[in-house]
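# Analysis of the macromolecular model
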Amino acid sequence: MSGETVKREIRRLLKERNAILLAHNYMRDEVQEIADITGDSLALSIEAARATADVIVFCGVHFMAESASILAPSKTVLLPRLDAGCPMADMVTVEGLRELKARHPGVPVVTYVNSSAAVKAESDICCTSANAQKVVNSLTEPEIIFVPDRNLGRYVARFSTKTFHFWEGYCPTHERLTADTVRRLKGEHPDALFICHPECNPAVVELADHVCSTSGMYDYCHHSTARSFIIGTEAGILYRLRQENPDKEFILASPALICPNMKLTSLEDIEAALTAMVPVVKVPEEIRVPAKKALDRMLAIPRD
(Lines give C-alpha, C1' and ligand atoms only; values in the text may rest on other atoms or scores of the structure.)
Protein backbone atom coordinates (compact mmCIF):
# COMPACT_ATOMS: atom_id res chain seq x y z
CA MET A 1 0.00 0.00 0.00
CA SER A 2 1.42 3.41 -0.98
CA GLY A 3 2.08 6.12 1.56
CA GLU A 4 -0.73 8.28 0.23
CA THR A 5 -3.17 5.37 0.41
CA VAL A 6 -2.18 4.70 4.02
CA LYS A 7 -2.67 8.39 4.85
CA ARG A 8 -6.16 8.36 3.34
CA GLU A 9 -7.04 5.23 5.31
CA ILE A 10 -5.76 6.84 8.52
CA ARG A 11 -7.90 9.91 7.95
CA ARG A 12 -10.92 7.70 7.27
CA LEU A 13 -10.35 5.71 10.45
CA LEU A 14 -9.83 8.85 12.51
CA LYS A 15 -13.20 10.15 11.41
CA GLU A 16 -14.89 6.78 11.95
CA ARG A 17 -13.45 6.40 15.47
CA ASN A 18 -13.97 10.06 16.44
CA ALA A 19 -10.24 10.16 17.03
CA ILE A 20 -7.56 12.86 17.01
CA LEU A 21 -3.97 12.26 15.89
CA LEU A 22 -1.26 13.94 17.95
CA ALA A 23 2.41 13.91 16.92
CA HIS A 24 5.43 14.99 18.93
CA ASN A 25 7.91 17.42 17.36
CA TYR A 26 10.47 14.62 17.02
CA MET A 27 8.28 12.24 15.01
CA ARG A 28 9.04 11.25 11.40
CA ASP A 29 8.20 13.94 8.84
CA GLU A 30 5.33 11.98 7.30
CA VAL A 31 3.74 11.45 10.72
CA GLN A 32 3.93 15.15 11.54
CA GLU A 33 2.50 15.95 8.13
CA ILE A 34 -0.69 13.96 8.72
CA ALA A 35 -1.19 14.86 12.40
CA ASP A 36 -4.08 16.99 13.60
CA ILE A 37 -1.78 18.69 16.11
CA THR A 38 1.99 18.68 16.55
CA GLY A 39 3.82 19.95 19.61
CA ASP A 40 5.81 19.06 22.70
CA SER A 41 4.67 16.29 25.01
CA LEU A 42 2.79 18.38 27.54
CA ALA A 43 1.12 20.65 25.02
CA LEU A 44 -0.17 17.58 23.22
CA SER A 45 -1.51 16.07 26.44
CA ILE A 46 -3.34 19.30 27.23
CA GLU A 47 -4.83 19.25 23.73
CA ALA A 48 -5.85 15.64 24.32
CA ALA A 49 -7.77 16.66 27.43
CA ARG A 50 -9.47 19.54 25.62
CA ALA A 51 -10.43 17.61 22.52
CA THR A 52 -13.97 16.43 21.93
CA ALA A 53 -12.60 13.24 20.39
CA ASP A 54 -13.24 9.89 22.08
CA VAL A 55 -9.90 8.47 21.00
CA ILE A 56 -6.41 9.97 21.26
CA VAL A 57 -3.76 8.50 18.95
CA PHE A 58 -0.50 9.65 20.50
CA CYS A 59 2.52 9.47 18.22
CA GLY A 60 5.34 9.80 20.71
CA VAL A 61 6.83 7.69 23.47
CA HIS A 62 5.26 5.86 26.41
CA PHE A 63 5.40 8.56 29.09
CA MET A 64 3.60 10.96 26.74
CA ALA A 65 0.67 8.60 26.25
CA GLU A 66 0.58 8.17 30.03
CA SER A 67 0.35 11.94 30.48
CA ALA A 68 -2.60 12.03 28.08
CA SER A 69 -4.28 9.24 30.07
CA ILE A 70 -3.65 11.15 33.31
CA LEU A 71 -5.23 14.35 32.00
CA ALA A 72 -7.97 12.70 29.91
CA PRO A 73 -8.99 9.54 31.82
CA SER A 74 -12.32 9.18 30.05
CA LYS A 75 -10.69 8.93 26.61
CA THR A 76 -9.09 5.94 24.93
CA VAL A 77 -5.37 6.64 24.43
CA LEU A 78 -3.62 4.66 21.72
CA LEU A 79 0.17 4.46 21.47
CA PRO A 80 0.85 2.93 18.04
CA ARG A 81 4.21 1.53 19.16
CA LEU A 82 4.09 0.25 22.73
CA ASP A 83 7.85 -0.36 22.55
CA ALA A 84 8.51 3.36 22.02
CA GLY A 85 10.03 4.18 25.38
CA CYS A 86 12.22 6.94 26.78
CA PRO A 87 15.66 5.97 28.14
CA MET A 88 15.75 9.06 30.36
CA ALA A 89 12.36 8.27 31.88
CA ASP A 90 13.55 4.72 32.51
CA MET A 91 16.57 5.99 34.46
CA VAL A 92 14.46 6.97 37.49
CA THR A 93 12.45 4.41 39.45
CA VAL A 94 9.86 4.80 42.18
CA GLU A 95 12.06 2.85 44.59
CA GLY A 96 15.10 4.97 43.84
CA LEU A 97 13.15 8.21 44.18
CA ARG A 98 11.74 7.09 47.52
CA GLU A 99 15.26 6.39 48.76
CA LEU A 100 16.40 9.86 47.65
CA LYS A 101 13.40 11.45 49.37
CA ALA A 102 14.23 9.54 52.56
CA ARG A 103 17.74 11.01 52.51
CA HIS A 104 16.29 14.54 52.16
CA PRO A 105 13.10 14.54 54.25
CA GLY A 106 10.72 17.40 53.58
CA VAL A 107 12.48 18.49 50.41
CA PRO A 108 10.01 18.86 47.51
CA VAL A 109 10.47 16.80 44.36
CA VAL A 110 10.38 18.60 41.01
CA THR A 111 9.97 16.06 38.22
CA TYR A 112 10.48 16.69 34.52
CA VAL A 113 7.49 15.53 32.49
CA ASN A 114 9.86 13.11 30.73
CA SER A 115 9.15 10.53 33.43
CA SER A 116 6.73 7.69 34.12
CA ALA A 117 3.30 8.21 35.65
CA ALA A 118 4.44 6.26 38.71
CA VAL A 119 7.37 8.64 39.28
CA LYS A 120 5.10 11.66 38.78
CA ALA A 121 2.83 10.20 41.47
CA GLU A 122 5.78 10.33 43.90
CA SER A 123 6.47 13.98 43.07
CA ASP A 124 5.31 17.31 44.41
CA ILE A 125 5.24 19.15 41.11
CA CYS A 126 6.16 18.54 37.48
CA CYS A 127 7.92 20.84 35.04
CA THR A 128 8.65 21.12 31.33
CA SER A 129 11.80 22.44 29.72
CA ALA A 130 9.81 25.60 28.97
CA ASN A 131 8.62 26.36 32.51
CA ALA A 132 11.20 24.64 34.72
CA GLN A 133 12.73 27.90 35.97
CA LYS A 134 9.35 29.30 37.01
CA VAL A 135 8.32 26.02 38.60
CA VAL A 136 11.46 25.83 40.71
CA ASN A 137 11.30 29.49 41.73
CA SER A 138 7.61 29.17 42.65
CA LEU A 139 8.53 26.90 45.54
CA THR A 140 9.24 28.47 48.91
CA GLU A 141 11.59 25.75 50.16
CA PRO A 142 15.35 26.46 49.96
CA GLU A 143 16.15 22.97 48.61
CA ILE A 144 14.66 20.78 45.89
CA ILE A 145 15.12 17.30 44.50
CA PHE A 146 15.23 17.48 40.69
CA VAL A 147 14.58 14.36 38.60
CA PRO A 148 15.41 12.77 36.23
CA ASP A 149 17.43 15.06 33.93
CA ARG A 150 20.66 16.33 35.46
CA ASN A 151 21.36 18.57 32.44
CA LEU A 152 18.03 20.39 32.59
CA GLY A 153 18.41 20.60 36.37
CA ARG A 154 21.86 22.15 36.17
CA TYR A 155 20.67 24.65 33.58
CA VAL A 156 17.74 25.67 35.79
CA ALA A 157 20.03 25.92 38.84
CA ARG A 158 21.81 28.81 37.12
CA PHE A 159 18.69 30.92 37.64
CA SER A 160 17.91 29.91 41.23
CA THR A 161 19.45 30.35 44.66
CA LYS A 162 18.08 27.01 45.85
CA THR A 163 20.17 23.96 46.68
CA PHE A 164 19.58 21.21 44.11
CA HIS A 165 19.79 17.47 44.66
CA PHE A 166 20.07 15.99 41.17
CA TRP A 167 19.06 12.61 39.89
CA GLU A 168 21.80 11.46 37.51
CA GLY A 169 19.55 10.88 34.50
CA TYR A 170 20.00 12.27 31.01
CA CYS A 171 18.77 12.05 27.42
CA PRO A 172 21.16 9.80 25.45
CA THR A 173 20.31 11.59 22.21
CA HIS A 174 21.09 15.10 23.46
CA GLU A 175 24.12 13.81 25.37
CA ARG A 176 25.70 12.71 22.07
CA LEU A 177 26.12 16.33 20.98
CA THR A 178 29.61 17.49 22.00
CA ALA A 179 31.09 20.94 22.49
CA ASP A 180 33.84 20.17 19.96
CA THR A 181 31.23 19.42 17.28
CA VAL A 182 29.41 22.67 18.01
CA ARG A 183 32.61 24.72 17.93
CA ARG A 184 33.52 23.21 14.56
CA LEU A 185 30.08 23.99 13.10
CA LYS A 186 30.12 27.53 14.45
CA GLY A 187 33.48 28.00 12.74
CA GLU A 188 32.08 26.66 9.45
CA HIS A 189 28.93 28.80 9.72
CA PRO A 190 30.02 32.04 11.44
CA ASP A 191 26.75 33.84 10.71
CA ALA A 192 24.55 31.07 12.14
CA LEU A 193 23.05 31.23 15.61
CA PHE A 194 23.41 28.11 17.74
CA ILE A 195 20.19 27.16 19.50
CA CYS A 196 20.05 24.19 21.84
CA HIS A 197 17.74 22.33 24.15
CA PRO A 198 18.57 22.41 27.89
CA GLU A 199 18.78 18.60 27.82
CA CYS A 200 22.20 19.10 26.18
CA ASN A 201 25.21 18.83 28.46
CA PRO A 202 26.48 22.02 30.17
CA ALA A 203 29.56 22.34 27.92
CA VAL A 204 27.27 22.52 24.88
CA VAL A 205 24.82 24.89 26.58
CA GLU A 206 27.72 27.28 27.29
CA LEU A 207 28.17 27.72 23.53
CA ALA A 208 24.54 28.48 22.76
CA ASP A 209 23.21 31.80 21.54
CA HIS A 210 19.82 30.74 22.85
CA VAL A 211 18.64 27.84 25.05
CA CYS A 212 14.99 26.81 24.95
CA SER A 213 12.41 24.07 24.60
CA THR A 214 11.26 22.75 21.23
CA SER A 215 8.22 25.05 21.32
CA GLY A 216 10.57 27.92 22.13
CA MET A 217 12.74 27.07 19.12
CA TYR A 218 9.83 27.44 16.73
CA ASP A 219 9.01 30.85 18.15
CA TYR A 220 12.60 32.06 18.39
CA CYS A 221 13.60 31.06 14.86
CA HIS A 222 10.42 32.46 13.36
CA HIS A 223 10.85 35.90 14.94
CA SER A 224 14.65 36.14 14.69
CA THR A 225 16.15 38.33 11.98
CA ALA A 226 18.97 35.78 11.59
CA ARG A 227 18.90 33.73 8.38
CA SER A 228 20.84 30.67 9.53
CA PHE A 229 20.57 28.47 12.63
CA ILE A 230 22.49 25.51 14.03
CA ILE A 231 19.91 23.37 15.82
CA GLY A 232 20.91 21.42 18.92
CA THR A 233 18.02 19.05 19.47
CA GLU A 234 16.46 15.96 17.89
CA ALA A 235 16.33 15.98 14.08
CA GLY A 236 12.53 15.75 13.87
CA ILE A 237 12.19 19.42 14.75
CA LEU A 238 13.64 20.39 11.37
CA TYR A 239 10.44 19.42 9.53
CA ARG A 240 8.30 22.16 11.05
CA LEU A 241 11.13 24.70 11.26
CA ARG A 242 11.66 24.42 7.52
CA GLN A 243 7.92 24.42 6.79
CA GLU A 244 7.38 27.62 8.76
CA ASN A 245 10.58 29.37 7.63
CA PRO A 246 11.28 28.41 4.00
CA ASP A 247 13.63 31.35 3.54
CA LYS A 248 15.90 30.37 6.43
CA GLU A 249 18.64 27.75 6.77
CA PHE A 250 18.58 25.12 9.50
CA ILE A 251 21.65 22.99 10.18
CA LEU A 252 21.39 19.97 12.44
CA ALA A 253 24.21 20.22 14.98
CA SER A 254 25.04 16.52 14.66
CA PRO A 255 23.81 13.50 12.66
CA ALA A 256 23.77 11.71 16.03
CA LEU A 257 20.77 13.80 17.10
CA ILE A 258 18.25 11.13 16.17
CA CYS A 259 16.17 9.38 18.85
CA PRO A 260 15.50 5.80 17.71
CA ASN A 261 12.42 5.58 19.94
CA MET A 262 10.89 8.70 18.41
CA LYS A 263 11.44 7.28 14.94
CA LEU A 264 9.74 3.92 15.59
CA THR A 265 6.20 5.02 14.76
CA SER A 266 5.29 4.65 11.09
CA LEU A 267 2.14 5.43 9.14
CA GLU A 268 1.47 1.70 9.01
CA ASP A 269 1.66 1.51 12.81
CA ILE A 270 -0.90 4.28 13.12
CA GLU A 271 -3.24 2.59 10.69
CA ALA A 272 -2.90 -0.73 12.53
CA ALA A 273 -3.58 0.90 15.90
CA LEU A 274 -6.74 2.60 14.63
CA THR A 275 -7.95 -0.57 12.94
CA ALA A 276 -7.54 -2.83 16.00
CA MET A 277 -7.88 -0.08 18.65
CA VAL A 278 -4.71 -1.27 20.39
CA PRO A 279 -2.29 -0.78 22.10
CA VAL A 280 -4.19 1.18 24.76
CA VAL A 281 -2.31 3.08 27.48
CA LYS A 282 -4.32 3.45 30.68
CA VAL A 283 -2.91 4.74 33.97
CA PRO A 284 -4.45 3.07 37.06
CA GLU A 285 -6.40 5.44 39.31
CA GLU A 286 -4.12 4.91 42.32
CA ILE A 287 -1.26 6.31 40.23
CA ARG A 288 -3.24 8.70 38.04
CA VAL A 289 -4.75 10.76 40.87
CA PRO A 290 -1.48 11.72 42.65
CA ALA A 291 0.31 12.12 39.29
CA LYS A 292 -2.41 14.51 38.14
CA LYS A 293 -1.92 16.59 41.30
CA ALA A 294 1.74 17.09 40.36
CA LEU A 295 0.77 18.01 36.79
CA ASP A 296 -2.08 20.30 37.89
CA ARG A 297 0.21 22.16 40.24
CA MET A 298 2.57 22.75 37.33
CA LEU A 299 -0.21 23.78 34.93
CA ALA A 300 -1.05 26.68 37.23
CA ILE A 301 2.35 28.16 36.30
CA PRO A 302 2.88 29.83 32.88
CA ARG A 303 4.94 27.84 30.38
CA ASP A 304 7.05 30.73 29.11
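My aim in this report is to walk through the structure given alongside it, one point at a time.

Quick notes on the rules
Residues numbered from 1 in each chain as written. Predicted model: local features only at pLDDT ≥ 70, side-chain atom pairs only at ≥ 80, totals over all residues. Heavy atoms only, no water. Buried < 20%, exposed > 50% of the residue type's maximum accessible area, 1.4 Å probe, protein only. Helix = DSSP H or I, 4+ residues; strand = E, 2+ residues; numbered from the N terminus. Contact = heavy atoms within 4.5 Å. Phe/Tyr/Trp six-rings, centres within 6.5 Å; stacked < 30°, edge-to-face > 60°. Lys NZ or Arg CZ within 6 Å of the ring centre and 35° of its normal. Core = buried A, V, L, I, M, F, W, Y, C linked by side-chain atoms within 4.5 Å. Pairing = 2+ DSSP bridges. Axes fitted to C-alpha atoms, helices over the stretch in contact; angles between N-to-C directions. Lys, Arg positive; Asp, Glu negative; His and termini not counted. Salt bridge = Lys/Arg side-chain N within 4 Å of Asp/Glu carboxyl O.

### Considerations on helix H3 (residues 41–50)
Where H3 is concerned, the buried positions are Ser41, Leu42, Leu44, Ser45, Ile46 and Ala48. In the core, the buried residues of H3 are packed alongside strand E1 (19–24), strand E2 (37–39), strand E3 (55–59), helix H4 (62–71) and helix H16 (285–299).

### Considerations on unusual backbone geometry
In this model, valine 147 is joined to proline 148 through a cis peptide bond whose omega is -10°. Here proline 148 is to be found in the loop between strand E7 (143–147) and helix H9 (150–157). With an omega dihedral of 0°, the bond running from valine 278 to proline 279 counts as a cis peptide bond. One can find proline 279 in the loop between helix H15 (267–276) and H16. Phi is positive for asparagine 18, which is not a glycine, with a value near 50°. Note on placement: asparagine 18 falls in the loop between helix H1 (3–17) and E1. Classification of asparagine 18 by relative accessible area gives partly exposed; the value is 35%. Positive phi, normally seen in glycine, also occurs at methionine 277, with a value near 60°. Structurally, methionine 277 can be placed in the loop between H15 and H16.

### Here we look at the packing of aromatic side chains
A full pass over the atoms with the stated rule returns 4 aromatic pairs. Through pairs of rings, three or more aromatic residues link up here, namely Phe146, Phe164 and Phe166. The aromatic ring of phenylalanine 166 is capped on one face by arginine 154, whose charged end is 5.0 Å from the ring centroid. Seen from the ring of tyrosine 218, arginine 240 lies directly overhead, with NZ or CZ sitting 3.9 Å from the centre.

### Section: the nonpolar core
Counting residues in hydrophobic clusters, the biggest one holds 68 residues, and the most contacted among them are Ile10, Leu21, Val57, Val110, Ile270 and Leu274. If one sorts the elements of this core by residue count, H4 sits on top with 6 residues. With residues up to four places along the chain from it excluded, the contact list for leucine 21 reads Ile10, Leu14, Ile34, Ala35, Asp36, Ile37, Val57, Cys59 and Ile270. Within the second largest apolar cluster, 15 residues are counted, among which are Tyr155, Cys200, Ile230 and Ile251.

### Remarks on the sheet that holds E2
One open sheet holds the 4 strands; their spatial order is E2-E1-E3-E4, and the pairing between them is parallel. Whereas interior strands pair on both sides, the edge strands pair on one side only; in this sheet they are E2 and strand E4 (76–78). Pairs of neighbouring strands in the sheet enclose a mean axial angle of 25°, with direction left out of account. Pairing of E1 with E2 involves 3 bridges; the strand directions are parallel. Bridge assignment links leucine 22 to a residue of E2, and that residue is isoleucine 37.

### Notes on the environment of leucine 97
Topologically, leucine 97 is positioned in helix H6 (residues 94–103). Since its relative accessible area comes to 0%, leucine 97 is described here as buried. Between the C-alpha atoms of leucine 97 and isoleucine 145, which are 48 residues apart in sequence, the distance is 9.3 Å. Aside from chain neighbours lying at most four places away, what touches leucine 97 is Val92, Val109, Val119, Glu122, Ser123, Ile145, Val147 and Trp167.

### Observations regarding the environment of methionine 88
Here methionine 88 shows up in helix H5 (residues 87–90). In sequence terms methionine 88 and tyrosine 170 are 82 residues apart; their C-alpha atoms lie 5.4 Å from each other. Methionine 88 has contacts with Tyr112, Asn114, Pro148, Asp149, Tyr170, Cys171, Pro172 and Glu199, leaving out every residue within four places of it along the chain.

### What to know about the sheet that holds strand E11 (residues 228–232)
If you walk across this open sheet you meet the 4 strands as E10-E9-E11-E12, and the pairing is parallel. Looking along the sheet, the strands with just one partner apiece sit at the ends: strand E10 (210–211) and strand E12 (249–252). Bridge analysis of strand E9 (residues 193–196) against E11 gives 4 bridges, and the strand direction is parallel. Looking at E11, one finds that phenylalanine 194 is bridged to isoleucine 230.

### Here's the deal with the pairing of E9
Looking at chain direction, E9 and E10 are connected through 2 bridges and run parallel. Note on E10: the bridge partner recorded for isoleucine 195 is histidine 210.

### A look at the side chain of lysine 75
Looking at the secondary structure, you find lysine 75 in the loop between H4 and E4. Of the side chains with opposite charge, aspartate 54 comes closest to the buried, unpaired lysine 75, at an N-O distance of 6.1 Å. Not counting the four nearest positions on each side in its chain, lysine 75 is found in contact with Ala48, Ala49, Ala51, Thr52, Ala53, Asp54 and Ile56.

Geometric descriptors of this kind do not, in isolation, establish any biological role.
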